[in-house]
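# Chain and residue survey
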Amino acid sequence: MNDAVANPSRITAKPKAALNARRSFWLKQLHSWHWISAAVSLVGMILFAITGITLNHAAQIPAEPVTKEATATLPAPLLARLADFPAETTDPVPAPIARWAAEAFRVQVDGKATETTADEIYVALPTPGGDGWLTIDRSTGEALHEKTTRGAVAYLNDLHKGRNAGVVWYWFIDVFAVACVIFSVTGLALLWLHARGRPSTWPIVALGLLIPVVIALLFIH
């Protein structure tokens, strides 16, 4: 007699075993992606969570701006090169002058747009948590660099917003955001797989959605 006919339980055992194997596979994959994305985004999430609070209370956090100035004189050979520089332009300063500024003031002006007139060259040097600029008098070669900082909290707040943080930080925010999405989506999938044994799962998830929706509808106008 056929084993399947003699023992009908074997017919249902195979599909159940296949379902368990599939569930085990997805659990393993989701756990792997979940912890990897968590590890990658952990420090970033802490930073962005803390700066979310500091940004929300920026008016209550005191910040004393500190301004520093430094002066130097452009060497005569480099000053002579400015004679060929256009009287009205936004072109960056010539490379030798950019190298001199890096040595004299420790600022990077290479490739940065200028606001050039017949009298002076002005380069804006904004930074996270501060501001700065460099001017060069075209007739005397006198250069003035000014930098203003507003403290560590302002610096971190500007990193949160990506303000004046450069191209590398711009791309870091995108990569970090993708890691957070992976972390959240895999977390949701794990909730779905475990929800059968945890009845409170979906009410809590629904509450997490409902609270901001209600606040937005009732209190944001």
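Before reading on, note that the structure itself is shown above.
Residues numbered from 1 in each chain as written. Predicted model: local features only at pLDDT ≥ 70, side-chain atom pairs only at ≥ 80, totals over all residues. Heavy atoms only, no water.

## Re the sheet that holds strand 3 (residues 120–124)
Read across the sheet, 5 strands follow the order 1-5-4-3-2 without closing on themselves; strand pairing throughout is antiparallel. With partners counted over all chains shown, the strands left at the sheet margins are strand 1 (66–73) and strand 2 (115–116), one partner each. Pairing of strand 1 with strand 5 (residues 142–149) involves 8 bridges; the strand directions are antiparallel. Within strand 5, the position partnered with Thr 73 by the bridge is Glu 142. Strands strand 1, strand 4 (130–137) and strand 5 of the sheet are contacted by helix 4 (residues 95–105), whose axis makes an angle of about 125° with strand 1. (Pairing = 2+ DSSP bridges. Helix = DSSP H or I, 4+ residues; strand = E, 2+ residues; numbered from the N terminus. Contact = heavy atoms within 4.5 Å. Axes fitted to C-alpha atoms, helices over the stretch in contact; angles between N-to-C directions.)

## What about the environment of His 160?
Mapped onto the fold, His 160 is located in helix 5 (residues 152–161). Along the chain, His 160 and Ala 49 lie 111 residues apart, while their C-alpha atoms are 9.3 Å from each other.

## Concerning helix 5
Of the residues making up helix 5, those classed as buried are Ala 154, Asn 157, Asp 158 and Leu 159. Of the residues trailing helix 5, Gly 162 is marked for its positive phi of about 70°. (Buried < 20%, exposed > 50% of the residue type's maximum accessible area, 1.4 Å probe, protein only.)

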